[in-house]
Amino acid sequence: MKRMTEEERDEILLYEKRGSVATLTLNRQKALNALNTALLKALRAALADADADAVIRVIVITGVGDRAFCAGADIIELLEKSPIEARDWSLWVQEITSYMERLRKPILAKINGFCLGGGLELAMACDFRIASDKSMFGQPEVNLALIPGGGGTQRLTRLIGKTKALELLMTGAQIGAAEALRLTLVNKVVPADVLDAAVDELIEALLTKSTVTLGILKLAVNKGIEMSLEQALYYEAECFGSALATEDGQEGLKAFLGKRKAEFKGK
Ligand code: CO8
């Protein structure tokens, strides 16, 4: 497969690193940031870069402009796919979202408008969803006589429960930010003009923690939720042991006992 140059990636995905934070901005404003294959490839490459960059401790995904986080998969591209191509594409997209859940750094979705179909699937694979009060959410695939293929049938059900998930999936209805908050589909809803500040506040809180511990926590939740309770509790105990053995784990305990502020190194 031909590798994408940085210039090609930049056109469709803006990738900015500032201090410890990498921001990935979907940049297809005219198509309401719909996800085509080129954008998904750029996203996967930028995520891998942020994952490998030791300086980066938090990742933010957002959409350019003030109308959409992302209006879903690119419908023009979907029409061209055979059933087998569509299945393989769905598996490939699912691998990207699963990678986001394995990646040991917090990923925040900054949602600034429509968050539909594949856009909601992308947001649901993030660890936090902070939304402006103008945002709209839904899985409208059924209106196209399709179903979600980027994890939507499973992650929506896990996040909000079967009753409301089936309702959203089978009606294709869009819900506003207040309803999304009520359903715990999002963490926080704020007026659009303070969305950046709300995201920054969360980032600041996360940066006071040990990055290595956040990574262990993320895996304990994301892997544990797929196990039986017995297996998940055992896995939690293993993770607890790992956290305690890190330099930061030792530092946290010593700092508390020494009545001083802990200095975490992410190790
Ligand atoms: N794909 C391609 N183009 C799109 C998409 C899309 N998903 N959504 C909007 N656009 C384009 C429109 O075609 C239009 O382009 P143009 O100006 O050239 O005509 C432009 O964006 C602006 O859109 P509208 O004129 O429709 O704007 P409105 O304000 O009238 O409506 C809506 C906004 C409600 C968001 C409307 O655009 C809409 O319903 N969009 C489609 C939403 C949708 O059905 N999404 C699901 C797509 S299928 C899917 O996601 C399956 C996921 C499978 C796997 C996961 C992949 C990641």
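Not measured: the values here are computed from a predicted model.

### Considering the overall build of the protein
The number of helices and strands found in the protein is 12 helices and 10 strands. By the compact-globule yardstick of 18 Å for 267 residues, the protein fits well, its C-alpha radius of gyration being 19 Å. Dimensions along the principal axes, computed over C-alpha positions, put the protein at roughly 60 × 45 × 40 Å. Out of the 267 residues belonging to the protein, those deemed buried represent 44%. The long-range share in the protein, meaning contacts at least 24 apart out of those at least 6 apart in sequence, stands at 67%. Taken as a whole, the protein presents about 14,400 Å² of accessible surface, with 59% of it coming from carbon and sulfur. Here the protein contributes 34 positively and 36 negatively charged side chains, and the mean placements of these two sets differ by 3 Å.

### Observations regarding the sheet that holds strand β8 (residues 136–138)
An order of β4-β6-β8-β9 is seen for the 4 strands of this open sheet, with the pairing classed as mixed. Here the strands that pair on one side only, and so sit at the sheet edges, are β4 (68–70) and β9 (175–176). Looking at chain direction, strand β6 (residues 114–116) and β8 are connected through 3 bridges and run parallel. When the bridges of β8 are listed, C115 appears paired with F137.

### What to know about the site of the ligand
Near the ligand there are 25 residues, and of these R67, A71, A73, I75 and G118 occur at the shortest range. Interatomic distance of 2.9 Å between a backbone N/O atom of A71 and a nitrogen atom of the ligand. A distance of 2.9 Å is found between a nitrogen atom of the ligand and a backbone nitrogen or oxygen belonging to I75. Look at the ligand: alone it shows 1,100 Å² of surface, and the protein chains cover 64% of it. Those elements giving two or more residues to the shell around the ligand turn out to be α3 (75–79), α4 (83–102), β6 and α5 (118–124). Of the residues contributing to the shell around the ligand, the split by class is 14 nonpolar, 6 polar and 5 charged.

### With respect to a nonpolar patch on the surface
Side chains of I75, L144 and L146 sit close together on the surface and give an oily, nonpolar patch of about 270 Å² of accessible area. Relative to the elements of secondary structure, L146 occurs in the loop between β8 and α6 (152–160).

### As for the environment of G63
Structurally, G63 is set in strand β3 (residues 58–63). Looking at G63, the relative accessible area reads 5%, which means it is buried. Along the sequence, G63 and K188 sit 125 residues apart, while their C-alpha atoms lie 17 Å from each other. In this structure, G63 is in contact with T25, L26, N33, A68, F69, K110 and N112, ignoring residues within four places of it in sequence.

### Section: the environment of V199
Assignment of secondary structure puts V199 in helix α9 (residues 195–207). Taking the C-alpha atoms as reference points, V199 and L108, 91 residues apart in sequence, are found 8.0 Å from one another. Leave out the neighbours within four places in its chain, and V199 touches V60, L108, K110 and I130.

The rules behind the values
Residues numbered from 1 in each chain as written. Predicted model: local features only at pLDDT ≥ 70, side-chain atom pairs only at ≥ 80, totals over all residues. Heavy atoms only, no water. Helix = DSSP H or I, 4+ residues; strand = E, 2+ residues; numbered from the N terminus. Rg over C-alpha atoms; globule rule 2.2 N^0.38 Å. Buried < 20%, exposed > 50% of the residue type's maximum accessible area, 1.4 Å probe, protein only. Contact = heavy atoms within 4.5 Å. Areas by Shrake-Rupley, 256 points an atom, 1.4 Å probe, with all protein chains shown as cover. Lys, Arg positive; Asp, Glu negative; His and termini not counted. Charge placed at Lys NZ, Arg CZ, Asp CG, Glu CD. Pairing = 2+ DSSP bridges. Near = heavy atom within 4 Å. Polar contact = N/O pair within 3.5 Å; in protein donor to acceptor, adjacent residues only side chain to side chain. Nonpolar A, V, L, I, M, F, W, Y, C, P; charged D, E, K, R; others polar. Patch = residues over 30% accessible without salt bridge, like charges linked within 9 Å, V, L, I, M, F, W, Y side chains within 5 Å. Salt bridge = Lys/Arg side-chain N within 4 Å of Asp/Glu carboxyl O.

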